[in-house]
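# A structural walkthrough
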Amino acid sequence: MKLIKKQRVSQGSGQQMHSDAIDRRTFLRRSGVALGGAAVASSLPLTMMRQAEASPEFAPKEGIQTERIHSICTHCSVGCGVIAEVQNGVWTGQEPDFESPFNLGGHCSKGASVREHGMGEHRLKYPMKLTGGKWKRISWDEAINEIGDQMLKVREESGPDSVYWMGSAKFSNEQAYLFRKLAAMWGTNNVDHQARICHSTTVAGVANTWGYGAMTNSYNDMHNSKAMIFIGSNAAEAHPVAMQHILRAKENGSKMIVCDPRFTRTAAHADHFVRFRPGTDVALVWGMLWHIFENGWEDKEYISQRVWGLDRVREEVKKWNPQEVERVTGTPEDVVKQAAQILAENRPGTIVWCMGGTQHTIGNNNTRAYCVLQLALGNIGKSGGGANIFRGHDNVQGATDFCVLSHSLPGYYGLSNGAWGHWSRVWDLDPEWVKGQFSQEEVEGDGGKPVHPMNYKGIPVSRWIDGVLEENIGQKDNIRVQVLWGHAVNSQTRGPEMKKAMEKLDMLVIIDPHPTHAAVMNDRKEGTYLLPAATQFETYGSVTASNRSLQWRDKVIEPVWESLPDHTIMYKFAKKLGIADQLCKHIKVNNDEPLVEDITLEFNKGMWTIGYTGQSPDRIKSHMANRKTFNTTTLKAEGGPNDGEYFGMPWPCWGTAEMKHPGTPVLYDPSKPVAEGGLTFRARFGVEHDGENLLAEGSYSDGSEIRDGYPEFKADVLKQLGWWDDLTDDEKTAAEGKNWKTDLSGGIQRVAIKHGCAPFGNAKARTFVWTFPDPIPVHREPLYTPRRDLVTDYPTYEDRKRFYRLPTRYASIQANDFSKDFPIIWTSGRLVEYEGGGEEQRSNPWLAELQQDMFVEINPADANDNGIRDGQMVWIDSPEGAKLKMKAMVTRRVAPGVVFTPFHFGGWYQGEDLLAKYPEGTAPLVRGEACNTGLTYGYDSVTQMQETKVSLCRIRAT
Amino acid sequence: MSKLNVLLMGLVVVVLAGCNQSSSVTVHKPGVYKGASDPLLSANTEERATALSERFTMGQLDR
Amino acid sequence: MARMKFLCDAERCIECNSCVVACKNENDVPWGVNRRRVVVLNDGVPGEKSISVACMHCTDAPCAAVCPVDCFYTTDEGIVLHDKDLCIGCGYCFYACPFGAPQYPEQAAFGVRGKMDKCTFCAGGPAKNNSDAEYAKYGSNRIAQGKLPLCAEMCATKALVAGDGDMVADIYRERVLKRGGRPQTWGWETAYGAQG
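Residues numbered from 1 in each chain as written. Chains lettered and ligands numbered in written order. Predicted model: local features only at pLDDT ≥ 70, side-chain atom pairs only at ≥ 80, totals over all residues. Heavy atoms only, no water.

Here we take up the overall build of chain C. Along its length, chain C carries seven helices and six strands. Going residue by residue from the N terminus, the α and β elements of chain C occur as β-α-β-β-α-β-β-α-α-α-β-α-α. Computed over its C-alpha atoms, the radius of gyration of chain C comes to 17 Å, within 12% of the 16 Å expected for a compact globule of 196 residues. Expressed along its principal axes, the backbone C-alpha trace of chain C runs to roughly 50 × 40 × 30 Å. Summing over all exposed atoms, chain C offers an accessible surface of approximately 6,400 Å²; the carbon and sulfur share of this is 54%. Measuring between centres, the 22 positive side-chain charges of chain C sit 3 Å from its 23 negative side-chain charges. (Helix = DSSP H or I, 4+ residues; strand = E, 2+ residues; numbered from the N terminus. Rg over C-alpha atoms; globule rule 2.2 N^0.38 Å. Areas by Shrake-Rupley, 256 points an atom, 1.4 Å probe, with all protein chains shown as cover. Lys, Arg positive; Asp, Glu negative; His and termini not counted. Charge placed at Lys NZ, Arg CZ, Asp CG, Glu CD.)

Structure follows, in structure tokens:
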């Protein structure tokens, strides 16, 4: 350094920027890390210090050959391509996948961190069992034998329904399918997974409106949107890479509206922000629709051709004048009107919703109201429009499609005898054998009539604890064995009751890469097993992104420690339980590992309803290898071996793989022939209702030989149309007496498409769902509401005696006024660094460092009223008795009277850190109170979705 | 004027003097680098510039 | 000769921290040391903006000017690097840096701070390119492999852009043109002078 004066320059602006830059929230979030870092290192607990040292074992080495392996991120549903660099079987580097049309190389913090999976320092390393309150290492054989024996004993005493199989959205498609089949072979419908508590109300609401319950367009297609309205979606934190496409749309001139009780990181990018009271989505949407109808902004031609029942919606919407909307939602007229006007003046527009909308007792009303808004504007079935329902986990779409769900068999076939018959044919099993696996005692069903357990919806994820605790339930005995296979219990409400349920179980089996919150939150001393599952980077198979595209993951590394791939564990159980031959009748098994491609080919043979039949392993792999040939807006391959096909063949990919259907990039888009990815609305609800025609009028897909609405295709319909002889002789044999869903040859689909028709018919979307509790979506106050004045006008439902096998309470809870003692509305949501129960990310030092404390966001006014300082520890009291301890974050992000907590934390229970209860070395680096310990009772009236987006609480300083 | 007032005025002057700050900063020239040589500097920079430019086009554009 | 620069487009940055994690992953940066971080302005209220910040590899780098042992050098591409064998961890550069980039991994009594650590633009340091020794001391050397810094390459929304300053400016100009409004090349004047 030479101190020679060179020049005098005026002070740069950057200096001042920097001094302001470390804002309060960052300070809290980083907990001091931001300030130089040095101070923290010395104060780290010992475990973190170890982690802080570089680990040469996983560093890239010079002079050693590097293999590049392609996989897909295992966090959210965007489906980002991952490129792993592997040296001598060790994952030493991660590169951006620029060729992927989904992420173009981009990742969020979670995606950028996936290499840590291969280090797995905090993973569950061996099978373990709890004896005398201590964790003991056991072998895989011991584990499978002991667990299997206990399951068989419970089966003997209480029937197969007393063993619950909780699956996962973290399974690959093949694993999800095999898992649902495993539960069927065991003989129970007590099988479910996270979709129940994430988008079940979407699937039910949307499928009952226009046919399929999935995202209609794609993240990429949003480039074409002229308006984008987000309601209950915080894409910047939950689907960060989607924001790449959203912000590109914005640069193309699209208007962006965000409706949310919080000013989220997504709202920070909006042109128009609409704040409203949690739980009043229907009122808000009807408020917008009120302005649309009032000003004649609806698309009248579209409605007359493609929408049924809208007049009945008009009647309901009339009640939602601006004064009533403001009374219920708290949102002023001009804000609502401006949103409506932006949507009306910028078409096509798309709607995005997520769990902010779905997790309510009226979740199915919310999702249908969103659909109606889009139908009125004529936005569905158009590029740039659509209902872009962002799914949560990486394969929650696939796991939903394969129906790891208590109310259906794979492909949404349901649980009728016809559905069992279809799948028994695909499995090549005697239907009587399958039936014989179930309990043969009929029980009183949801409607009060006797029902066979095989045809009766099982207990859902959200209510499994009631399956253990409730007395009067719709099965032979309570749940006695709980298998939590890739499931975070801290994502479910009613912690104290869950603890009680766990302690009542005969056996608790946790199969996961991590011990999870479930291993530590209870006081069991015996009969808990932990089995280490491999992550999806340690196996291979297909995965379905939110836009319905299938992608293929290659195996990056061998399973770490003693972990095994999920499908291998499934096979081991099947073998022990005596159902392996049936489970894998046409699936090759090597060393207890079922061959993944054989599983894909098996489901290709049965998934006709939603077109999972054309995506053979070879075709998916070809798309992966040539992913750079796909356009990043249309997702269509331009040249190359997949020319004209859409990336990942978004379902429905009709017919057999040989038919080479390109996939359907935008659902219900009649501007293209069905053979090229076009579609109509599905004729799912019959051809007429109360004498009114339900089929489309004057609208049909391009090139359709039937130039009007038509019903779904059956053998008889082909005969009537004179198209029967287009079938080959083999197809005729298979198709006789069958329909487009059950013809295993695919001939009916092929011929329908050959004539330009959609196999599932051409109908109108219906806005009046006569099979639901509220045929037209209406507002109902949440069970725990602070607005007692609205309960009379907008009451909840009556209690139900039996609903998914369980008594379900509504009015009897809402009858109590909790608002005096618990005056603050409590809502929950996501953080970008963590996902779901957060076990995996909180164990990953790169992510854990960025979010070290569980916190509650509280408005300055409420903080002052309650004597709370920013950063101090506070108690949150739940009206159901739990008390939670966490840090206060005072911020205007939430409105006065509302607090927000993230839901990814776990490892604490009612103020106590459970560190000592984890098996040694497996505790996550960051632990905190699980907000759902305090969140309350309340379940959707169609799907049993839990109400986690609105409850009440009290907040006080510690 | 009492001693106290004088003292107070003196104090005020001293305190206010602290408020005067030059709005410009002084920039100094660095010395000559004394560390080990970096082989990156002697590598073929033209070839690298082409590679980096291609990489930029591949990864940083919206495509 | 290309002049390497960073630019963070605040209209696109969503504070997802992928840049921070990509940096940790690529360079094995220990807990507590942040070569890159994301700062948020007006947190939680309309006008909220976030920006990703690390060493900007300044022209006339102030850190180099104040270093008592002259351990800094600038590559032909304008990347500012330093020799950790020479660095004495005095911390002067931290005070000189307008971006708060220098980090000190160790903390002990009497100001012994350990060697300074900072963003290398993924260009390693004065050691054999991509050797184990270089990786251990400075992290990855992507530039020598013809790759750009991983933080920018992995940015979720392509908000953080790294590369030849002219190409970076072209991208940014196009975006500003499309969405209208004033360009806000935050930090560029401070780092690269009035010419940008």
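Take the sheet that holds strand 35 (residues 928–929) of chain A next. The strands making up a sheet associate through backbone hydrogen bonding, with each pair oriented either parallel or antiparallel. In spatial order, the strands read 34-33-35 (chain A); together these three strands make up an open sheet with mixed pairing. Both edges of this open sheet fall to strand 34 (912–913) and strand 35 of chain A, since each of them pairs with a single strand only. (Pairing = 2+ DSSP bridges.)

What follows covers the sheet that holds strand 3 (residues 81–87) of chain A. Residues and elements named next belong to chain A. Read across the sheet, three strands follow the order 2-3-4 without closing on themselves; strand pairing throughout is antiparallel. In the strand order of this sheet, the two ends are held by strand 2 (67–72) and strand 4 (90–96), each with one partner. Taken pair by pair, the neighbouring strands of this sheet meet at an average axis angle of 35°, ignoring direction. Sheet analysis places strand 3 next to strand 4, joined by six bridges and oriented antiparallel. Across the sheet, the residue bridging to valine 82 is proline 96, located in strand 4. (Axes fitted to C-alpha atoms, helices over the stretch in contact; angles between N-to-C directions.)

Our next topic: the nonpolar core. Judged by nonpolar contacts, the single largest core of 176 residues is most densely connected at Met151, Trp165, Trp210, Trp286, Leu289, Trp485 and Phe713 of chain A. Leave out the neighbours within four places in its chain, and tryptophan 165 of chain A touches Met151, Phe179, Leu182, Ala183, Trp186, Thr188, Asn190, Val191, Asp192, Val483, Trp485 and Leu577 of chain A. Grouped together as the second largest cluster of nonpolar side chains are 104 residues, Leu850 and Val899 of chain A together with Cys8 and Leu160 of chain C included. (Core = buried A, V, L, I, M, F, W, Y, C linked by side-chain atoms within 4.5 Å. Buried < 20%, exposed > 50% of the residue type's maximum accessible area, 1.4 Å probe, protein only. Contact = heavy atoms within 4.5 Å.)

Turning our attention to the pattern of salt bridges. A side chain with one charge may pair with a side chain of the opposite charge, provided their charged atoms come close. All chains considered together, the criterion is met by 85 salt bridges over all chains. Among the ionic pairs, arginine 35 of chain C bridges to aspartate 117 of chain C, the shortest N-O distance being 2.8 Å. With arginine 35 of chain C in the loop between helix 1 (18–27) and strand 2 (36–41) and aspartate 117 of chain C in the loop between helix 3 (92–96) and helix 4 (132–138), this residue pair connects regions lying 82 residues apart in the sequence. Both residues of the pair, arginine 35 of chain C and aspartate 117 of chain C, count as buried. Through salt bridges with shared partners, a single ionic network connects Arg68, Glu85 and Glu95 of chain A, Arg55 of chain B together with Glu26, Arg142, Lys147 and Glu153 of chain C. (Salt bridge = Lys/Arg side-chain N within 4 Å of Asp/Glu carboxyl O.)

Attention now moves to the interface of chain C and chain B. Listed by partner, the interface residues are 40 residues for chain C and 27 residues for chain B. Of the roughly 2,700 Å² buried between chain C and chain B on both sides combined, carbon and sulfur atoms contribute 60%. Ranking the residues of chain C by area buried against chain B places Asp70, Lys158 and Met167 of chain C at the top, with a combined share of 19%. Our count for the chain C to chain B interface comes out at four salt bridges. Close ionic contact of glutamate 77 of chain C with arginine 48 of chain B constitutes a salt bridge, the shortest N to O distance being 2.8 Å. Within the residue set of the side of chain C that touches chain B, elements represented by two or more residues are helix 2 (62–66), strand 4 (72–74), helix 5 (150–153), strand 6 (160–164) and helix 6 (165–179) of chain C. Across the side of chain C that touches chain B, the residue classes tally to 23 nonpolar, six polar and 11 charged. (Buried area = accessible area lost by both parts, 1.4 Å probe. Nonpolar A, V, L, I, M, F, W, Y, C, P; charged D, E, K, R; others polar.)

All names here are of chain C. Burial analysis of strand 1 (residues 4–8) places five of its five residues in the buried class, which makes it a mostly covered element. In the sheet, strand 1 pairs with strand 6 via five bridges, with the strands oriented antiparallel. For cysteine 8, the partnering residue across the bridge sits in strand 6 and is leucine 160.

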